[in-house]
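Breakdown of the fold
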Amino acid sequence: MSNADFPEETNLSAVREEIVNAALPHVAFDGWSSATLIAAAQDKDIPPETARLAFPRGGVDMALEFHRMMDRRLETELNLDGLSQMRIRDRVTHCVRRRIELVTPEREAVRRGASLLALPLYAPEGAKAVWGTADVIWNACGDAATDFNYYSKRIILSSVYSATVLYWLGDQDPKAVATWEFLDRRIEGVMRFEKTKADIQKNPITRAAFALPMGILNLIKAPASRRTP
């Protein structure tokens, strides 16, 4: 890459992706850090000032960008998959598994990123990043919820995804058999929860008992872009 400036956001986006890809071999040694940023920029002949413009906070911004890059890659892949032919539980399981499989070659980068984003200073941004992953998955699965379910589904899936990633990080089996079994159990738990909610709605007694709290919760709307006309 030339030493030209990159004032446009679209150009900065390309620079960010190039730097993150170049950073991955360095992360195992220096983590998501300023040292890694400098090394990656040097590898790609990117001026230091441009690298700092792309990642003002250094390592944490690179870790977040790596997470978003993998989400974008998953989203592109899922757009090509025949998910409509699967049961909803199979769709969600497939998507979570594929998201983890995409980062399997970069396990140490994921480990370092999880440790960094678990720090109190960055935990809210880490949670937001995982929420973004859950949103990509539910959108790909055809979720059209516009009420409280929009949020509850993403909160629950964020928990499932986070727990599965942590389990996978400790799974030494190259085939990750135990991880996928763990994922299946977590999804089974979610399905039981969803069935319980459905049963409450079907039973006139429990429906009456939950009418007020459910009515309040359903006042919470999804983002305007998700609402039906």
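Before going into details, it helps to say that this report is about the structure given with it. (Residues numbered from 1 in each chain as written. Predicted model: local features only at pLDDT ≥ 70, side-chain atom pairs only at ≥ 80, totals over all residues. Heavy atoms only, no water.)

**So, the overall build of the chain**
Each helix and strand in the chain was counted, giving 11 helices and zero strands. Ordered by position in the sequence, the α and β elements of the chain form the string α-α-α-α-α-α-α-α-α-α-α. Within the span of the chain, comprising 229 residues, buried residues form 40% of the whole. Long-range contacts, defined here as pairs at least 24 residues apart, represent 68% of the contacts in the chain between residues at least 6 apart. (Helix = DSSP H or I, 4+ residues; strand = E, 2+ residues; numbered from the N terminus. Buried < 20%, exposed > 50% of the residue type's maximum accessible area, 1.4 Å probe, protein only. Contact = heavy atoms within 4.5 Å.)

**Quick word on the packing of aromatic side chains**
Per the counting criterion, the structure on display carries four aromatic pairs. Where tyrosine 150 meets tyrosine 151, the ring centres are 5.0 Å apart and the plane angle is 80°; that geometry is what we call edge-to-face. Relative accessible area serves as the criterion here: at 6%, tyrosine 150 is assigned to the buried category. Ring pairs connect the aromatic residues Trp131, Tyr150 and Tyr151, which therefore count as one cluster. Across the ring face of tryptophan 138, the terminal group of lysine 153 is positioned such that the distance to the ring centre comes to 5.1 Å. (Phe/Tyr/Trp six-rings, centres within 6.5 Å; stacked < 30°, edge-to-face > 60°. Lys NZ or Arg CZ within 6 Å of the ring centre and 35° of its normal.)

**Quick word on unusual backbone geometry**
Positive phi is not limited to glycine here, since aspartate 45 has a value of about 55°. Assignment of secondary structure puts aspartate 45 in the loop between helix 2 (34-43) and helix 3 (48-54). Overall, aspartate 45 belongs to the partly exposed group, its relative accessible area being 44%.

**Quick look at the state of the cysteines**
Following the criterion strictly, the structure yields zero disulfides and no others. Left unpaired, cysteine 95 is separated from the closest cysteine sulfur, that of cysteine 141, by 4.0 Å. (Disulfide = S-S within 2.5 Å.)

**A few points about the layout of surface pockets**
Gaps between atoms show up when a probe of the same size as a water molecule is rolled over them. Its boundaries defined by the atoms lining it, the largest pocket holds a volume of some 460 Å³. Lining the largest pocket are 23 residues, and of these His67, Gly113, Ala114, Leu117 and Val130 lie nearest its centre. Elements with a minimum of two residues in the lining of the largest pocket: helix 4 (59-78), helix 5 (88-103), helix 6 (107-117), helix 7 (123-140) and helix 8 (148-169). Tallied by class, residues from the lining of the largest pocket come to 17 nonpolar, five polar and one charged. (1 Å grid on protein atoms, 1.4 Å probe; cavity = no way out; pocket = protein on both sides within 12 Å on 5 of 7 lines; lining within 4 Å. Points joined across faces, edges and corners; volume = space filled by probe spheres on them. Nonpolar A, V, L, I, M, F, W, Y, C, P; charged D, E, K, R; others polar.)

**Digging into helix 2**
Residues of helix 2 that are buried: Thr36, Leu37, Ala39, Ala40 and Ala41. Looking one or two places after helix 2, you find aspartate 45, whose phi comes out positive at around 55°.

**Some points on the pattern of salt bridges**
In the structure shown here, the tally under the stated rule is 15 salt bridges. When the shortest N-O distance is used, the salt bridge between glutamate 65 and arginine 72 registers 2.9 Å. Judged by relative accessible area, which is 37%, arginine 72 ranks as partly exposed. Between glutamate 77 and arginine 98 there is a salt bridge; the shortest N-O distance is 2.6 Å. One end of the pair, glutamate 77, is in helix 4; the other, arginine 98, is in helix 5, and 21 residues separate them in sequence. (Salt bridge = Lys/Arg side-chain N within 4 Å of Asp/Glu carboxyl O.)

**What about the nonpolar core?**
Ile19, Trp32, Phe66, Val96, Leu157 and Trp168 are the most contacted members of the largest nonpolar core, which totals 55 residues. Sorting elements by how many residues they give to this core places helix 4 first, with nine residues. Discounting residues that sit within four places of it in the chain, tryptophan 168 has contacts with Ile100, Val103, Thr104, Arg107, Val110, Ala176 and Thr179. (Core = buried A, V, L, I, M, F, W, Y, C linked by side-chain atoms within 4.5 Å.)

**A word on the packing of helix 7 against helix 8**
At a closest axis distance of 8 Å, the pairing of helix 7 and helix 8 adopts a crossing angle of 115°. Accordingly, the angle class assigned to the pair helix 7 and helix 8 is roughly perpendicular. Once helix 7 is placed against helix 8, the crossing between them reads as right-handed. Judged by residue contacts, Val130, Trp131, Thr133, Ala134, Asp135, Ile137, Trp138 and Asn139 of helix 7 engage Tyr150, Tyr151, Lys153, Arg154, Ile155, Leu157, Ser158, Tyr161 and Ser162 from helix 8. (Axes fitted to C-alpha atoms, helices over the stretch in contact; angles between N-to-C directions. Parallel < 35°, antiparallel > 145°, perpendicular 65-115°, else oblique. Left-handed = near helix turned anticlockwise from the far one by under 90°.)

**Focus on the side chain of lysine 153**
For lysine 153, the location among the structural elements is in helix 8. Filtering out sequence-adjacent residues up to four positions away, lysine 153 remains in contact with Trp138, Asp143 and Ala145.

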